[in-house]
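# Analysis of the macromolecular model
Chain residues, written in single-letter form:
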Amino acid sequence: MTAKAKLLSDYRSPEFTIDQIDLTIELEPQATRVTSVMQVRRQGRHNNPLVLEGEQLQLQSVAIDGRMLDATGYSQTDTHLTIAEVGDAFELNIVVMINPQANTSLEGLYLSDGAFCTQCEAEGFRKITYYLDRPDVLARFTTTIIGDASQFPFMLSNGNQVAKQQLDDGRTAVTWQDPFPKPCYLFALVAGDFDLLEDSFQTMSGRHVTLQLFVDKGNLDRADYAMASLKNAMAWDEQVYGLEYDLDIYMVVAVDFFNMGAMENKGLNVFNSKYVLANARSATDQDFNGIESVIGHEYFHNWTGNRVTCRDWFQLSLKEGLTVFRDQCFSEDMTGSAVNRIDDVAIIRSHQFAEDAGPMAHPIRPQSVIEMNNFYTVTVYNKGAEVIRMMHTLLGADGFRRGMDLYFERHDGQAVTCDDFVQAMEDANAFDLSRFRTWYQQAGTPEVSVTDHYNAETQTYTLNFSQQTPATADQSDKTATHIPLRIGLYDDTGAAIPLNTEAKLTDGNVYSLLTESASVTFDHVKTAPTPALLKGFSAPIKLNYQYSDVQLLTLAQHCEDGFTRWDAIQSLLARYIWQIADGETSTLPQNIIDGVLAIASDGEIEAALKARLLQLPTVNGLVNQRQQIDIHPLLNALDVIREQLASALYDCCLALYQQLQQPDYQLDAESIAKRSLSASCLGWIAAANPPAADQLCVALYNNSDNMTEQLNALTIANRFDLASRNSLMDQFEQRWQDDGLVMDKWLNLQGCWNSEQCFGNLAKVEGKPFFKLTNPNRARSLIAGFSAMNYRYFHAQDGSGYQWLAEKIQNLNSINPQIAARLINPLTQWRKFTAPQADQMKAQLEQIYQLSDLSKDLQEIVGKSLG
Ligand code: 0A1
Ligand code: ZN
């Protein structure tokens, strides 16, 4: 059956609402009984029947106000239960049976390594019982869980535990009550045996909140960082937004089988264990950062998502864009470093720009959706966060806070739209955001082209801007949007020139480009300047200005804005990578090599920033700069530049590497920065002198006691296929084979092994006992390691890389459609590539599209890619 799209423009408010639901869930792996008692009310004047959503449910009984309905009283399809004759207010009692053990989609109620667990966002509650499964129906939930307490010592749900009793048959019944009305996507249930880390937090008004972190048995020594991050997040939200936690208990459960990062269920967050469990021996600095940001993210959702939720799923960015922005600010404040911004921008440029230019292009507020799970995207999340950040830039921190205050004052307890959010920002600041709203309607990456003119006589400097958004797969006509450009001018020595202009600049020299074209003139400019036009990446756009190499070197060496420095080097290197790929030149000019070397040896540059400044452009970032790519010449050009720079940087990097060694492991910002720069140096050493790097990798692997350094050694041995690569990989496997989360790192390295042997190797790795396609973390590590990071072999000339991925997708289609739809992404980009790659990729997609049981998730994505 071909799936049908739902449209934002078809939104209608619900015909019925549910004020209260009392759920009783009797746990049994293959036959769980779910009884729900709902207080239902008709909304408005109509005589329509009550239509409830429900999937994969075995209906046992339906009763209204205590009266059983026979089969003539209702009708059922695969997806709905319709009850024709209902009053204006009534009690509806429904009993269904479900099979959690057979649920490999990890949506609804399922088993994660023996523990019961739910995932209801976006539309998973309908796999638990019949319901009005939409976010604008807010009910008070009471949940009674019945099960064997010896098997499931912890039976958890949202809110506060209000009762616990032993039943006559030996089972235990635990009842939870959530005082806050909520949409069903925030419902959660967990039952299992865990180790518990407990702590508490005193809120700014003096209330005590119990904090509980549930982890798999034996993992308590990996739970402290998550707990500390939670307390930091709670304090941060009070300080920055005046937002306090609102229940007496906050629970976090870490599970091994989870499709995404984590889920903000009210009072009971469920986390992918990857974003909870960490200690120095088993986790990298990057893992710790990920934990801090995801713990923060889910906590911040309590206000931006739960207290104020979405009217419908098209408004997903209302909660996600805003909450990503909040977690990014939180991480920036915790690390106090400019490099967070660089790393956030890198995600936009490598991944979001690709989505915006590809078959799945959609605005941050999509207008048409077939499978909602396909819209948990970098566009909705990360571009959504950039859109919120632009409002923050335009309104300033105080103005943004005023807008947030008004938003909560107006909408606490409601299900609202993105427009309601923008309206609050606008009203609180009397700031016109009418043009700005385009960001919610238009897909595609705006391109701003800039020319300039310096008049030495009048000492004036003029910048001419024009903007244009290319047509996207979903929309052809685009209008001009509101683009904040944070500008700086620099003289030849790199000194900043004060900005004098009649044009209106907001706080921090931000110019609002509102029309298709506009000009700004600056006075008292004594020499022709070098402009920085998008400081801090003030808008998620592509900026075109014909910089000279010398201007870019000036910005790279002197600009006070870390992002601009990084961006300048990236632009310079990208320019020559393309020239080499196109056969226009074969070398990097000496002044650029010298410039990069000057940065590497500059003792003033903070280590974390230096590590970023020494990065080569990513393949994805480069691919996003052009319409069509001949991939192998591009990869070869990157190798040429890498080798050239490496031989120039070798001595400097070797010296730096030695200086950066730390006697013992610490997890503070400075130590992390040193490890990151040290890894970057090791990479350059490996590119210049593999045998020397091999020795260093072996020494680093054997002498360090922390995962960050060991994985750095392994990553470089793997990327440069150094002599010790196989023996280090074997050692690692021996040591960690029983630890799935750690083996994810190894699986990922196997996937991106830069070696001709990688194909035979993949088959071997798939046969390992710790590799399971049913576990999303395992599947993603190996599959995305290969297809999203191993460019040379994924794009192998004979198409075997594409075929390998297509086989995995076909298997995952029936196991876990959501994961299949994510992992197929590299194939869907086929139009970007020249022949023969494009045809080979397309052929694989066509085969997948023929599958008889193709999921809705894949139908939407493959259909759009081929369409
Ligand atoms: N709201 C969660 C993300 C999430 C979405 C869907 C899921 O399963 C289908 C799971 C989690 C967040 O933003 O953290
Ligand atoms: Zn979120």
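Counting from 1, residues in each chain are numbered in the order their sequence is written. Whichever chain is written first is A, and whichever ligand is written first is 1; the rest continue in order. The model is predicted, so local features are restricted to residues of pLDDT at least 70 and side-chain atom pairs to those at 80 or more, both for listing and for counting; the totals for chains, interfaces and linings are taken over all residues.

What follows concerns the packing of helix 13 (residues 631-660) against helix 14 (residues 669-688). The geometry of a pair of packed helices is captured by two quantities: the angle between their axes and the separation between those axes. Two elements in contact, helix 13 and helix 14, have axes whose closest approach is 7 Å; the angle formed by their N-to-C orientations is 135°. When the axes of helix 13 and helix 14 are compared, the pair comes out oblique. In this structure, helix 13 crosses over helix 14, and the sense of that crossing is left-handed. Contact residues: Arg-642, Glu-643, Ala-646, Ser-647, Leu-649, Tyr-650, Cys-653, Leu-654, Leu-656, Tyr-657 and Leu-660 in helix 13; Lys-674, Leu-677, Ser-678, Cys-681, Leu-682, Trp-684, Ile-685, Ala-687 and Ala-688 in helix 14. Note on geometry: axes are lines fitted to C-alpha atoms, helical ones only across the stretch in contact, with angles between N-to-C directions running from 0 to 180 degrees. In this text, helices come from DSSP runs of H or I with a minimum length of four residues, and strands from runs of E with a minimum of two, each type numbered from the N-terminal end. Roughly parallel here means an angle under 35 degrees, roughly antiparallel means over 145, roughly perpendicular means 65 to 115, and every remaining angle is called oblique. Crossings are classed by handedness, with left-handed meaning an anticlockwise turn of the near helix from the far one by less than a right angle and right-handed meaning a clockwise turn. Think of it this way: build a C-beta for each residue from its backbone, and any pair within 7 Å is a contact.

Once that is clear, we can look at the site of ligand 1. Around ligand 1 sit 14 residues, and of these Gln-119, Glu-121, Asn-259, Met-260 and Met-263 come closest. For the shell around ligand 1, the secondary-structure elements that each account for two or more residues are strand 20 (262-263) and helix 2 (285-300). Classes in brief: Ala, Val, Leu, Ile, Met, Phe, Trp, Tyr, Cys and Pro nonpolar; Asp, Glu, Lys and Arg charged; the others, Gly included, polar. When grouped by side-chain class, the residues that make up the shell around ligand 1 number four nonpolar, five polar and five charged. A molecule or strand has a residue near it when that residue's C-beta atom, placed from backbone coordinates, lies within 6 Å of it.

It is worth spelling out the UniProt feature "domain: Peptidase M1 alanyl aminopeptidase C-terminal" (unreviewed entry) in the protein chain at this point. Here the UniProt feature "domain: Peptidase M1 alanyl aminopeptidase C-terminal" (unreviewed entry) sits at residues 550-866. Span residues 550-866 is 73% helix and 0% strand, its end C-alpha atoms 44 Å apart. UniProt positions are given in the numbering used here, feature names are shortened, and annotations may be inferred rather than shown by experiment.

Here the C-beta atoms are placed from the backbone, and a residue counts as buried if at least 20 other C-beta atoms lie within 10 Å of its own, exposed if 12 or fewer do, and partly exposed otherwise. Across the two faces of strand 8 (residues 80-83) the burial differs, with Leu-81 and Ile-83 buried and His-80 and Thr-82 not buried at all. Strands pair, by our definition, only if DSSP identifies at least two bridges between them. Relative to strand 8, strand 4 (residues 50-53) runs antiparallel, the two sharing four bridges. Note that in strand 8 the partner of Leu-52 across the bridge is Leu-81. Here three bridges tie strand 7 (residues 74-76) to strand 8, and the two strands are oriented antiparallel to one another. Each residue of the ladder has a partner; that of Tyr-74, found in strand 8, is Ile-83. The turn linking strand 7 back onto strand 8 is made up of three residues.

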